[in-house]
Amino acid sequence: MESSIQSAIAAAANEGWSIWFLIGAALVFFMQCGFAMVETGFTRAKNAGNIVMKNLIDFCIGTVVFVPLGFALMMSENYLFGVIGVPNLQIFTNFSDFPFSVFVFNLVFAATAATIVSGAMAERTKFSAYCIYSAVISAVIYPIEAGWLWNAKGWLAQLGYLDFAGSSAIHMVGGIASIVGAIFLGPRIGKYAIDKKTGKNKSRAIPGHSLTLGALGVFILWFGWYGFNGAAAVSVEQLGSIFLTTTIAPAVATVVTMCFTWIRSGKPDVSMSLNGSLAGLVAVTAGCTYVDATGSVVIGLVAGILVVVAVELIDKKLHVDDPVGAIAVHGANGLWGTIAVGFFATDGGLFYGGGFKQLGVQLLGVLAIGAWTAVTMTITFFFIKKFHGLRADPEDELRGLDISEHGLASSYADFLIAPEAIEPSAVVIGETPAAQAIPVVHKTKPELLDGYKFTKVDIICTPSKLESLKVAMNGIGITGMTVTNVMGFGMQGGGSAQYRGVEVEVTFLPKVKLEIIVCKVPVETVIDTAKKVLYTGKVGDGKIFIYDVENVVKVRTGEEGYDALQDEI
């Protein structure tokens, strides 16, 4: 009787872990939303629809190709030479015995590898080209190398290579594919320009349109990462330790990135700190079940610095344009996290008395996976670029891929999209006729109407001064005014700012424009009052413009002149 109870408990436990396995797969699928939000937020609004579409379609295309080909190449029981599985279409021929859960679990991971590349190649890639290389990654490139370590017959698995959840198999592969693709594609228009002072190619900041969306994406990814790392756990103890390391490493990395950017530039960098969180998650993925708290702290610490250094190296030195930092986050930290297992694995790590054996296996594994990915992605992008075309036309890129690729006027139909901070210099082609001289006409001041002179006063100032200015104007008898929200900058160029370690050259700052028609109240009184309210002595206090007005007409009554300005009903 007792053994029957124990068997029932064991069966229930196994059933419970099978359910958790699928819940973990669902969490990984939800990470597609996180990737979409991060990439959308870190890029410009004119490409938001294109990016959302890419993050949707790479999973769907990945499913279509993973069903007949990818899964068998990766997990087939008929595995040749420890390198590749033989496609058998078992999902169609023997569905009742097919490993459904294992298929779904590996499918969502394959989609993750493909979607990483989207961010590095954002804002200038043909959508059709993206569909092609996304299919190749999910069908062939990812399944073959992932089978080396996750198929029990794979040659890396036989050597004892450790990558529990994919720092190398998924993230490093995505990072390497990203840098190969970004090099083939070239930078976005306006990203790099020759510095007139030094004569060198200089990186220019192209800020993303919504750090709010980017932050939302990071939180979603962090949440999903508990399934990403923990889905394959087989006990409560193991799952608890994975949750712990998956929390410590990104938290440490985020703090380190924040402090590192704070010390270097004088302010904590928001977008870089968000990348720091992802870097810590990527780095601990390989060793999440193999390392302890100390190891996860060190892994996160290195990841927090590595992501900043890698982003700036790739952008400023190598001049490879990666709008979201995918190469640094996934490539560099996927590599670091996998190697770190050789140092910090509690069973066999170098710093835990295991010698160099595990470290050597880890180094061999990342070299093999890295070489496979670099070669196959180079071939893939070469053929796409030669026979199909990889990059969108310059005109389409400047207008935005939403309209050119999808016929979508804007992903934010009810909102005004801010003007571009960076545009290429205009190039005039052909001969330009000499300008004809236009005589200057000096207009005399308008005659007084009804004995009154009308003057328009435009005041441009910061939004924080609007309420004080309105009260002051009412105090001197100005009761009618029009207020408009505007964007602009003066000689100060919008002030100094940095985005991801690169100086932002021109930033359009929010301003308000107050328009007043003055008649009875002296113009000098209006000007003096405005100056007293607005003056701080700092750049950006505002400007006042004065214009002559010929006449004023009230539409409702037809009154003109002074009478049209009166408030009486």
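Nothing here was measured: the structure is a model prediction, and the numbers come from that model.

**Q** How should I be thinking about the overall build of the chain in this particular structure?
**A** For the chain, the count of helices and strands is 17 helices and ten strands. Looking at the 569 residues of the chain, the share that counts as buried comes to 48%. Put simply, of all contacts in the chain between residues at least 6 apart along the chain, 77% involve residues at least 24 apart. As displayed, the chain offers around 27400 Å² of accessible surface, 66% of which is attributable to carbon and sulfur atoms.

**Q** Help me understand the sheet that holds strand β9 (residues 509–518) in this model?
**A** Within a sheet, adjacent strands bond to each other through the backbone by hydrogen bonds, running parallel or antiparallel. With antiparallel pairing, the four strands of this open sheet are ordered in space as β6-β9-β5-β10. Only two strands of the sheet have a single partner each, and these edge strands are β6 (482–488) and β10 (543–549). On average, each strand axis in the sheet is tilted by 25° relative to the strand beside it, whichever way the strands run. Here β6 pairs with β9 via seven bridges, running antiparallel. Of the residues in β9, the one forming a bridge with Val483 is Leu514. The sheet strands contacting helix α16 (residues 466–475) are β5 (454–461), β6 and β9, and the helix crosses β9 at an angle near 10°. Along the sheet face, helix α17 (residues 523–534) touches β5, β9 and β10 and points at about 5° away from the line of β5.

**Q** Is there a simple way to think about the pairing of β9 in this case?
**A** For a regular strand, side-chain orientation follows a simple rule: the groups alternate between the two sheet faces. Where β5 lies against β9, seven bridges are found, and the strand directions are antiparallel. Its bridge partner lying in β9, Ile459 is registered against Leu514.

**Q** How should unusual backbone geometry be read in this particular structure?
**A** Trans is the common state for peptide bonds, and a negative phi is the common state for residues other than glycine. Even without a glycine there, the phi angle at Phe81 is positive, about 55°. Within the secondary structure layout, Phe81 lies in the loop between β1 (79–80) and β2 (84–85).

**Q** Any chance you could explain helix α13 (residues 357–387) here in plain terms?
**A** Along an α-helix, residues three or four apart share an orientation, since each turn contains 3.6 residues. With 31 residues, α13 ought to run about 45 Å at 1.5 Å a step, and its terminal C-alpha atoms sit 45 Å apart, in line with that. Just beyond α13, the residue with positive phi is Gly389, at close to 105°.

**Q** How should the environment of Ala45 be read in this particular structure?
**A** You can see Ala45 is positioned in the loop between α1 (2–41) and α2 (48–75). The exposure class assigned to Ala45 is buried, which follows from its relative accessible area of 10%. Separated by 165 residues in the primary sequence, Ala45 and Ser210 place their C-alpha atoms 8.2 Å from one another.

**Q** Just to check I follow, could you spell out the packing of aromatic side chains for this structure?
**A** According to the stated counting rule, one finds 26 aromatic pairs in the structure shown. Measuring from centroid to centroid gives 6.0 Å for Phe164 and Tyr290, while their planes differ by 90°, and the two rings are edge-to-face. Taken together, the positions of Phe164 in the loop between α6 (155–159) and α7 (167–185) and Tyr290 in the loop between α10 (270–285) and α11 (293–317) put the pair 126 residues apart, joining distant regions of the chain. In this structure Phe164 comes out as buried when scored by relative accessible area, which is 18%. On the basis of relative accessibility, which here comes to 24%, the residue Tyr290 falls in the partly exposed class. Grouping aromatic residues by their ring pairs yields a cluster made of Phe21, Phe105, Phe109, Trp150, Trp225 and Phe228. Positioned above the aromatic ring of Tyr192, the side-chain terminus of Lys191 is 5.8 Å from the ring centre. Lying over the aromatic face of Phe387, Lys386 brings its terminal NZ or CZ to 5.8 Å of the ring centre.

**Q** Can you help me understand the confidence of the model for the chain in this one?
**A** Low-pLDDT stretches of the model should not have their predicted coordinates read in fine detail. Averaged over all residues, the pLDDT of the chain equals 89, while 89% of them reach at least 70. Predicted confidence is poor over residues 1–5, with pLDDT under 50, and the contacts of this stretch with residues over four places away or in other chains come to zero contacts. pLDDT under 50 marks residues 425–430. Its contacts with residues more than four places away, or in other chains, come to zero contacts.

**Q** How should the side chain of Ser271 be read in this particular structure?
**A** Tracing the chain through its elements places Ser271 in helix α10. By relative accessible area, which is 2% here, Ser271 ends up buried. Setting aside its immediate chain neighbours within four residues, Ser271 contacts Phe42, Leu211, Tyr499 and Arg500.

**Q** What should I look at first to understand the packing of helix α5 (residues 127–150) against α13 in this one?
**A** Relative placement of two packed helices is described by the angle separating their axes and the distance separating the axes. Relative orientation of the contacting elements α5 and α13 amounts to 160°, with a least axis distance of 11 Å. In terms of axis orientation, α5 runs roughly antiparallel to α13. Every pair of crossing elements has a handedness; the one defined by α5 and α13 is right-handed. Residues Ala129, Ile132, Tyr133, Val136, Ile137, Val140, Ile141, Ile144, Glu145, Trp148 and Leu149 of α5 form the contact with α13, whose own contacting residues are Ala368, Ile369, Trp372, Thr376, Met377, Thr380, Phe381 and Ile384. Within the contact of α5 with α13, the residues separate by chemical class into 16 nonpolar, two polar and one charged.

What counts, and at which threshold
Residues numbered from 1 in each chain as written. Predicted model: local features only at pLDDT ≥ 70, side-chain atom pairs only at ≥ 80, totals over all residues. Heavy atoms only, no water. Helix = DSSP H or I, 4+ residues; strand = E, 2+ residues; numbered from the N terminus. Buried < 20%, exposed > 50% of the residue type's maximum accessible area, 1.4 Å probe, protein only. Contact = heavy atoms within 4.5 Å. Areas by Shrake-Rupley, 256 points an atom, 1.4 Å probe, with all protein chains shown as cover. Pairing = 2+ DSSP bridges. Axes fitted to C-alpha atoms, helices over the stretch in contact; angles between N-to-C directions. Expected span 1.5 Å × (residues − 1). Phe/Tyr/Trp six-rings, centres within 6.5 Å; stacked < 30°, edge-to-face > 60°. Lys NZ or Arg CZ within 6 Å of the ring centre and 35° of its normal. pLDDT = per-residue confidence, 0-100. Parallel < 35°, antiparallel > 145°, perpendicular 65-115°, else oblique. Left-handed = near helix turned anticlockwise from the far one by under 90°. Nonpolar A, V, L, I, M, F, W, Y, C, P; charged D, E, K, R; others polar.

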